[in-house]
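If you want the building blocks of each chain, they are given just below.
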Amino acid sequence: MSAFIELFLRFLPDLLSGAAMTLLLTAEGLAAGFVLGLLAALGRTYGSKVWHALATAYIELFRGTPLLMQIFLLYYGLPGFGITLSREWAAFLALGLNSGAYQAEYLRGSILAIGEGQMIAGRAIGLSRWKTIWHIILPQALRLAIPAWANEPVSLLKSTAVVFLIAVPELMAKAKAIAAKTYDPIGAYLAAAVLYLVMVYLLDAFMKWMERKSLIPGLETK
Amino acid sequence: MDSALILQARNLTKRYGANIIFQDISLDVQKGETIVIIGPSGTGKSTLLRCLNLLTHVDSGQIFLEGEEITAPGINEDRVRQQIGMVFQNFLLFNHLTALDNVMLGLTKVRKLPKPQAHEKAMHELARVGLADRAGHYPGQLSGGQQQRVAIARALAMDPKVMLFDEPTSALDPELIGEVLGVMAQLARENMTMLVVTHEMGFAREVADRIVFMEKGHIVEQGAPDDLFERPQHARTREFLWKITELYGKKEKK
Ligand SMILES: Nc1ncnc2c1ncn2[C@@H]1O[C@H](COP(=O)(O)OP(=O)(O)O)[C@@H](O)[C@H]1O
Ligand SMILES: [Mg+2]
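This one's a predicted model, so the numbers in the text were calculated from it and none came from an experiment.

*Asks:* With reference to specific residues and values, describe the overall build of chain A.
*Replies:* Counting its regular elements, chain A contains 10 helices and 0 strands. Projecting the C-alpha coordinates of chain A onto the three principal axes gives extents of approximately 70 × 50 × 20 Å. Burial status across chain A gives 45% buried among its 222 residues. The long-range fraction of contacts in chain A, counting pairs at least 24 apart against all pairs at least 6 apart in sequence, stands at 76%. Taking the average place of the 18 positive charges on the side chains of chain A and the average place of its 13 negative ones, the gap between the two points comes to 8 Å.

*Asks:* Any chance you could break down the site of ligand 1 for me, citing the residues and the numbers?
*Replies:* All names here are of chain B. In the vicinity of ligand 1, the contacting residues are Y16, I21, P40, S41, G42, T43, G44, K45, S46 and T47. One of the side-chain nitrogen or oxygen atoms of K45 is found 2.9 Å away from an oxygen atom of ligand 1. The separation between an oxygen atom of ligand 1 and a polar side-chain atom of T47 is 2.5 Å. In isolation ligand 1 offers 560 Å² of accessible surface; the protein chains occlude 57% of this area. At 3 residues, helix α1 (residues 45-52) tops the list of elements feeding residues into the shell around ligand 1. Each residue belonging to the shell around ligand 1 can be placed in one class, and the counts come to 3 nonpolar, 6 polar and 1 charged.

*Asks:* Break down the interface of chain A and chain B for me, citing the residues and quoting the values.
*Replies:* How big an interface is tends to be expressed through the accessible area that disappears when the partners come together. On the side of chain B, 24 residues touch chain A, which itself brings 22 residues to the contact. Across the interface of chain A and chain B, roughly 2000 Å² is buried in total on both sides, 65% from carbon and sulfur atoms. Considering only the side of chain A, the residues that lose the most area to chain B are I120, A124 and I125 of chain A, jointly responsible for 28% of the buried surface there. Linking chain A to chain B there are 1 salt bridge. Among the ionic pairs, D78 of chain B bridges to R123 of chain A, the shortest N-O distance being 3.1 Å. The tally of links from chain A across to chain B stands at 5 residue pairs in polar contact (both at pLDDT 80 or more). The greatest single-element share of the side of chain A that touches chain B, amounting to 7 residues, is contributed by helix α6 (residues 116-124) of chain A. For the side of chain A that touches chain B, a count of residues per class yields 10 nonpolar, 8 polar and 4 charged.

*Asks:* Please provide a residue-by-residue account of the confidence of the model for chain B, values included.
*Replies:* Summarising the model, chain B shows a mean pLDDT of 94, and 96% of its residues fall at 70 or more. Overall fold confidence (pTM) sits at 0.91, and the ipTM for the predicted complex is 0.92.

*Asks:* Now, about helix α1 (residues 2-10) of chain A: what can you tell me, with residues and values included?
*Replies:* All names here are of chain A. Listing the buried residues of α1 in full gives F4, L7 and F8. The buried residues of α1 occupy an angular sector of 100° when projected down its axis, which confines them to one face. Among the exposed residues of α1, those oriented more than 90 degrees off its buried face are S2, A3, E6, L9 and R10. The inward-facing, buried residues of α1 contact α2 (12-46), α9 (171-182) and α10 (185-213).

Rules used in this analysis
- Residues numbered from 1 in each chain as written.
- Chains lettered and ligands numbered in written order.
- Predicted model: local features only at pLDDT ≥ 70, side-chain atom pairs only at ≥ 80, totals over all residues.
- Heavy atoms only, no water.
- Helix = DSSP H or I, 4+ residues; strand = E, 2+ residues; numbered from the N terminus.
- Buried < 20%, exposed > 50% of the residue type's maximum accessible area, 1.4 Å probe, protein only.
- Contact = heavy atoms within 4.5 Å.
- Lys, Arg positive; Asp, Glu negative; His and termini not counted.
- Charge placed at Lys NZ, Arg CZ, Asp CG, Glu CD.
- Near = heavy atom within 4 Å.
- Polar contact = N/O pair within 3.5 Å; in protein donor to acceptor, adjacent residues only side chain to side chain.
- Areas by Shrake-Rupley, 256 points an atom, 1.4 Å probe, with all protein chains shown as cover.
- Nonpolar A, V, L, I, M, F, W, Y, C, P; charged D, E, K, R; others polar.
- Buried area = accessible area lost by both parts, 1.4 Å probe.
- Salt bridge = Lys/Arg side-chain N within 4 Å of Asp/Glu carboxyl O.
- pLDDT = per-residue confidence, 0-100.
- Arc of directions from axis to C-beta.

Structure below.
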């Protein structure tokens, strides 16, 4: 036990910088994924034929193939087309695209759940279709999506671990390096696990807080 | 053309697929008139109202609002809907907004009023329906009757030329119907032009200037309430009136 604590403290700066990279990738991927997911969800629900088709293809493609394959395609495959991405950019893009496909499904479900009535009511006072979507449908759909969507940050945070395979210096990569240096893989990976657990715990607490903040008075019990 | 004519429907036909919902319906609405439309369910009353404010589109025929054809190609439909208020059976308030914000939204986002003016106008409309003290409440915190009155205030805020009501009290508990009908009767007294689909025969009798009886996609008969109730010309009208008083008359007495 004391050996573990010693290792943990000795490599703490390394582990923390890895954890910071993990959090950065999670935040970036989540943000990019949110924008992509929202566009795809709107395409599936209210979009034109072309938009709908593009959104469907995107969602199917990125939910239907492994994340690791997507990362490798972006990092090792794109240079074949004359596009070379840095490791960080490849990781960011792959995580964003992948998360977006999942977020699209959460958002689509809640947009559909808001129902046609709210659209009709918006149109009836003279709002255009897109203004109704923006002012009426989305504010309600986003609130409604939170409980299901709240799984995504945690799931994405854990998914970032695979980008150590293209040597992005995140927590998993740091743990691997520490294991090689100390010949103590158990200690190294356990140390990383502790930090993953702390991050997941904090994220969960944040999502719960958001869920509470977003309740619409009078609708809590329905 | 009569200058007091505000809304005119000419030979409207509406189909859903092969289903003809109504055919060749014509209706002239005078400024300030209250028309009550009655008829069995599935007759096309809701569809007719929706066609009048372009929430759905007729397959043939024309609709004129103050002489302007609103069924003409290229018309700005959002602008037309702004001028025709609509109240729905299931209220359809914006659930994430307070009563005040429900009424203000159209003022700020459609009519582009500055916030202070929109606020003042919205409060005025809420007061008109007797709900100034509920401005900060969310729809989920209001009774059905209060929700429907907020919905009326929301429509009134746009200063509509015509108000359409589609069974505004059908989803309400009996003891809440009166407060909504009261607001509507008040509007009629203020000379709002109104088209009301309802089964409330007491309201129809007292408030309507004209009753229109629709069945199977046709206007069977129309006339002043006393004529229509006391001396219906068609057997179908008689049968319907008899049935509806049986059904709803009992409920009203309770
Ligand atoms: N969006 C729609 N698509 C297909 N059929 C519809 C639609 N809306 C209404 N209908 C049909 O039109 C007919 C008239 O409906 P409606 O106008 O609601 O009648 P009412 O309001 O008199 O009860 C019904 O048979 C109904 O099934
Ligand atoms: Mg109806």
